[in-house]
Every structure is written in C-alpha cells, then in structure tokens.
Amino acid sequence: MSKGWCWQRVEATFPENQMKSIFRAFDTNGDGKLSRKELKVCFKSFGLRFAGFRAWRAIRHVDANGDGMIGEDEIDELIKYVSKWGIIVTP
Ligand SMILES: [Ca+2]
Ligand SMILES: [Ca+2]
C-alpha cells in the first residue's frame, strides 16, 4: 500500500489527560460526545488536512456502539487511532 496523500502527519505530543480535555473542549454542544462535525474542527486545530475525511474515518473505526459519535468510553480508542498521524499521547 502506498503512502497516500491523506496520511500527512503532524508532530505533537500530549499527556493523556490533556488530550482528553482537548477532545472534551471540542464538544461544543455539550452532549458529552464528539460528532463528526466537532471532530473535524478538532482535527483542523491540530493542523491536519482533510479533517472532514479523517473525522469520518475515525468515527467509523472507533465508534463501538454505532451511534455515529465518539462517546466518553470511546475516547481511548480515538487516542490510539490519532497516534497513527503523529499525535502521540503519553500516559
Ligand atoms: Ca457534542
Ligand atoms: Ca459511539
């Protein structure tokens, strides 16, 4: 598989609790879940291109209960997922 245009990486390291509070901060409607729209804004803020596409991919990959959003208990998986893009989360 070739390294596609969509897998641009950023270099960023966050402690886990900071990363979680960043994700929570992007829950703009306060329902405790990250929608695709909220996630897109979040990824954009990391300087990632194709944020909308990434948000869609991330939710498809991470959304365990199938409600189309990232809930509190799915954030751990999301953190693992974004590490592929160079966003490294340390304990
Ligand atoms: Ca929300
Ligand atoms: Ca979910």
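Here is what the cut-offs are and how they apply
Residues numbered from 1 in each chain as written. Chains lettered and ligands numbered in written order. Predicted model: local features only at pLDDT ≥ 70, side-chain atom pairs only at ≥ 80, totals over all residues. Helix = DSSP H or I, 4+ residues; strand = E, 2+ residues; numbered from the N terminus. Contact = placed C-beta atoms within 7 Å. Axes fitted to C-alpha atoms, helices over the stretch in contact; angles between N-to-C directions. Parallel < 35°, antiparallel > 145°, perpendicular 65-115°, else oblique. Left-handed = near helix turned anticlockwise from the far one by under 90°. Nonpolar A, V, L, I, M, F, W, Y, C, P; charged D, E, K, R; others polar.

As annotated in an unreviewed UniProt entry, the chain is EF-hand domain pair, mitochondrial Rho GTPase from Helianthus annuus.

A.B. asks: Account for the environment of Ala 58, with residues named and values stated.
C.D. replies: If you trace the backbone, Ala 58 turns up in helix α3 (residues 51-62). Sequence separation between Ala 58 and Met 69 is eleven residues, and the spatial gap between their C-alpha atoms is 9.8 Å. If sequence neighbours within four positions are ignored, Ala 58 has contacts with Leu 39, Leu 78 and Tyr 81.

A.B. asks: Go over the packing of α3 against helix α4 (residues 75-82) with me, naming the residues and quoting the values.
C.D. replies: Packing of α3 against α4 leaves a shortest axis separation of 10 Å and a crossing angle of 130°. Overall, the two elements α3 and α4 adopt an arrangement that is oblique. α3 and α4 meet at a crossing whose hand is right-handed. Two secondary-structure elements touch here, α3 through Ala 58, His 61 and Val 62 and α4 through Glu 77, Leu 78 and Tyr 81. The class makeup of the residues in the contact of α3 with α4 is four nonpolar, one polar and one charged.

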